[in-house]
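Remarks on the overall topology
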Amino acid sequence: MTDYRKLWSDLGMDLEKHDRLTSALPLIYEEVYLQQPERPQAMEYFDLVVAEIHSLRIVELVEHRRRGGKVCGAFCVFVPVEIIRAAGAVAVGLCGGSQFWVPDGERVLPRNLCPLIKASVGARLSGTCPYFQSCDLLIGETTCDGKKKAWEVLGEYAPVYVMDLPQMKRPQDLAAWRGEIELFLARIEELTGCRVTPGRLAEEIRLQNRLRQALERLYHTRKADPVPISGKDALLVTQVSFYDDPRRFIDKTEALVAEVEARIASGQGVFPPGAPRILVTGTPMAIPNWKLHHIIETAGAAVVCEETCTGTRFFEHQVDETGRTLEEQLQALAERYLKINCSCFTPNSGRLEDIFRLVEAYQVDGVIYYNLQFCHGYAVEYYTVEKALKEQGIPVMKVETDYSEEDTGQLRTRVEAFLEML
Ligand code: BJ8
């Protein structure tokens, strides 16, 4: 086995602490992922990515930087990665999904803050995440208050650029967002020293659209009964898409889709036909946050769709590819990204429409509303979602949790009770 300690130490990482972080992962992964029956063979690639999550891709990032390239890290699906890549930089997703990083985040942030923010900041402070260590620029955004203020703190430890996201979707908000994208492009050009040309941007727009389509096709297979792939596996694929080389990711995901489509043709599933079908909606699940999916799927139900930013919000809607000038392309990017229905918008009725559409398309039996603790936007929005779903007779339950394992037993009991009444 290759020893990556020199690589990590060159990145300024805390090796001893990093050993503690990585020592737990194989056991958890074995229990949560590898013990699932009848997994598609093509999941082997995604297993490898997780097994080597702090090495294989990091070697590529280090090599890219050695050749003079830049790496940018983002925390939100609103950041237009097409622009980063069109300027010759690599884009990686940085949201922290591990409890391991929370205490380090709490050194500088209040305890009663969303775990995703604490873990993201903690990952940087602890010096145990090679993705953070490889970034030349971190890109924050003004979505929720917690993130917005956390970037000021994070800025003391690494270069941070913040995109100002509007909180409404009126024509003037679209115009403002388009202006933000122009400023972002200028900042990325300054970082990389490369001009973004319409030709290069068109290429990256097409590539990211292909990536979205690959995920969309994978999700489409989950509409079948029996379900041909577990929710845990589908979630993992989406999580990996934030880190991986996009071309390789598309190839591997398309291979997975082909295998899963063949399973549908032969009636093969990972759950018995008729198993309860669950839509998870709410806050994102950054790797290695598999807690809720694991509870649901070991209680006999299948997660068939995620209306989250590690689900449909990430890949729905393509960027219009017909733009020939930079102006047209930036407008197309602004329009596509502003279609994402995050709870930081008011009103956010589009999200409700999405949930109903997905309930129908995936033949959902029940909705589980996933709310990371202290995420007020999604917590408040539950009122509207619950009311609308109940009016239509669609069962819904809310789960408010963090990254720790403390409430696992209690959550399991609640989920089992919910599944029984479906
Ligand atoms: S577009 S959901 S990725 S902001 S960090 S809002 S969980 S309190 S992540 Fe998000 Fe972009 Fe919206 Fe999606 Fe709540 Fe936590 Fe804030 Fe969060």
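Note that the structure is a prediction, hence the values are computed from the model and not measured.

In terms of regular secondary structure, the protein chain is built from 19 helices and eight strands. For the protein chain, whose C-alpha radius of gyration is 21 Å, the value lies close to the compact-globule estimate of 22 Å for 422 residues. Expressed as a percentage of contacts within the protein chain between residues at least 6 apart in sequence, the contacts between residues at least 24 apart total 76%. Roughly 17100 Å² of accessible area belongs to the protein chain as shown, and the carbon and sulfur atoms make up 53% of that amount. Mean positive and mean negative side-chain charge positions of the protein chain (48 and 61 charges, respectively) differ by 3 Å.

A word on the site of the ligand. What surrounds the ligand is a group of 14 residues, the closest being Cys76, Cys144, Cys309, Cys342 and Cys375. In terms of residue class, the shell around the ligand is built from eleven nonpolar, two polar and one charged.

The parallel open sheet is built from four strands, whose spatial order is 2-1-3-4. Each edge of the open sheet carries a strand with a single partner, namely strand 2 (90-93) and strand 4 (160-163). On average, each strand axis in the sheet is inclined to that of its neighbour by 25 degrees, with strand direction left out of account. With three bridges joining them, strand 1 (residues 71-74) and strand 3 (residues 137-141) adopt parallel strand pairing. Its bridge partner being in strand 3, cysteine 72 is matched across the sheet by leucine 137. Together, strand 3 and strand 4 form the strand contacts of helix 9 (residues 145-154), whose direction differs from that of strand 3 by roughly 155 degrees. Its contacts with the sheet place helix 10 (residues 171-192) against strand 1, strand 3 and strand 4, and it is angled at close to 160 degrees to strand 4.

Turning next to the confidence of the model for the protein chain. Counting all residues, the mean pLDDT for the protein chain is 97, and 100% of those residues have values of 70 or more. This complex was scored by the predictor with a pTM of 0.97 and an ipTM of 0.92.

Put simply, aspartate 225 and proline 226 share a cis peptide bond, and its omega is 0 degrees. Turning to its location among the elements, proline 226 is positioned in the loop between helix 11 (198-221) and helix 12 (231-241). Of note, the amide linkage connecting threonine 346 to proline 347 takes the cis form, showing an omega dihedral of -10 degrees. Residue position: proline 347 is located in the loop between helix 16 (326-337) and helix 17 (349-361).

Of the two faces of strand 2, both are covered, the one formed by Val90 and Val92 as well as the one formed by Ala91 and Gly93. By the bridge criterion, four bridges tie strand 1 to strand 2 in an arrangement that is parallel. Its bridge partner lying in strand 2, alanine 74 is registered against glycine 93. For the crossover that starts at strand 1, traverses helix 5 (residues 81-86) and ends in the parallel strand 2, the hand is right-handed.

Below, the discussion takes up the nonpolar core. Phe78, Leu236 and Trp290 are the most contacted members of the largest nonpolar core, which totals 148 residues. Among the elements that line this core, the one with the most residues is helix 11, at seven residues. Look past the residues within four positions of phenylalanine 78 in its chain and what remains in contact with it is Leu165, Trp177, Tyr337, Leu338, Ile340, Cys342 and Phe345.

This brings us to helix 13 (residues 246-265). The end-to-end C-alpha distance of helix 13, which contains 20 residues, comes to 28 Å, matching closely the 28 Å that a straight helix rising 1.5 Å per residue would cover. Within the span of helix 13, buried status applies to Pro246, Phe249, Ile250, Thr253, Leu256, Val257, Val260 and Arg263. Here the buried residues of helix 13 occupy an arc of 140 degrees about the axis, which is enough to place them on one side. Looking at the buried residues of helix 13, the elements they touch are helix 3 (43-51), helix 5, helix 11 and helix 12.

Bringing the packing of helix 11 against helix 13 into the picture now. One way to put it is that helix 11 packs onto helix 13 with a least axis distance of 9 Å and a crossing angle of 25 degrees. When the interaxial angle is binned, helix 11 and helix 13 end up roughly parallel. Crossing of helix 11 against helix 13: the hand is left-handed. Here helix 11 contributes Glu203, Leu207, Arg210, Leu211, Ala214, Leu215, Arg217, Leu218 and Thr221 to the contact with helix 13, which in turn contributes Pro246, Arg247, Phe249, Ile250, Asp251, Thr253, Glu254, Leu256, Val257, Val260, Glu261 and Ile264. Class assignment of the residues belonging to the contact of helix 11 with helix 13 gives a composition of twelve nonpolar, two polar and seven charged.

What follows is about the packing of aromatic side chains. Counting across every chain of the model gives 15 aromatic pairs. With a centroid separation of 6.2 Å and 80 degrees between ring planes, the pair formed by phenylalanine 46 and phenylalanine 249 is classed as edge-to-face. Pair noted here: phenylalanine 46 is in helix 3 and phenylalanine 249 is in helix 13, with a separation of 203 residues, a long-range link. Where phenylalanine 75 meets phenylalanine 132, the ring centres are 5.9 Å apart and the plane angle is 45 degrees; that geometry is what we call tilted. Of this pair, phenylalanine 75 sits in the loop between strand 1 and helix 5 while phenylalanine 132 is found in helix 8 (residues 130-134), placing the two residues 57 residues apart along the sequence. For the cation-ring pair, lysine 169 lies above phenylalanine 345, with the distance from its terminal atom to the ring centre recorded as 4.5 Å. The ring of tyrosine 362 has lysine 223 sitting right over it, with the charged end atom 5.2 Å from the ring centre.

Rules and cut-offs
Residues numbered from 1 in each chain as written. Predicted model: local features only at pLDDT ≥ 70, side-chain atom pairs only at ≥ 80, totals over all residues. Heavy atoms only, no water. Helix = DSSP H or I, 4+ residues; strand = E, 2+ residues; numbered from the N terminus. Rg over C-alpha atoms; globule rule 2.2 N^0.38 Å. Contact = heavy atoms within 4.5 Å. Areas by Shrake-Rupley, 256 points an atom, 1.4 Å probe, with all protein chains shown as cover. Lys, Arg positive; Asp, Glu negative; His and termini not counted. Charge placed at Lys NZ, Arg CZ, Asp CG, Glu CD. Near = heavy atom within 4 Å. Nonpolar A, V, L, I, M, F, W, Y, C, P; charged D, E, K, R; others polar. Pairing = 2+ DSSP bridges. Axes fitted to C-alpha atoms, helices over the stretch in contact; angles between N-to-C directions. pLDDT = per-residue confidence, 0-100. Buried < 20%, exposed > 50% of the residue type's maximum accessible area, 1.4 Å probe, protein only. Right-handed = clockwise from strand over helix to strand, strands pointing away. Core = buried A, V, L, I, M, F, W, Y, C linked by side-chain atoms within 4.5 Å. Expected span 1.5 Å × (residues − 1). Arc of directions from axis to C-beta. Parallel < 35°, antiparallel > 145°, perpendicular 65-115°, else oblique. Left-handed = near helix turned anticlockwise from the far one by under 90°. Phe/Tyr/Trp six-rings, centres within 6.5 Å; stacked < 30°, edge-to-face > 60°. Lys NZ or Arg CZ within 6 Å of the ring centre and 35° of its normal.

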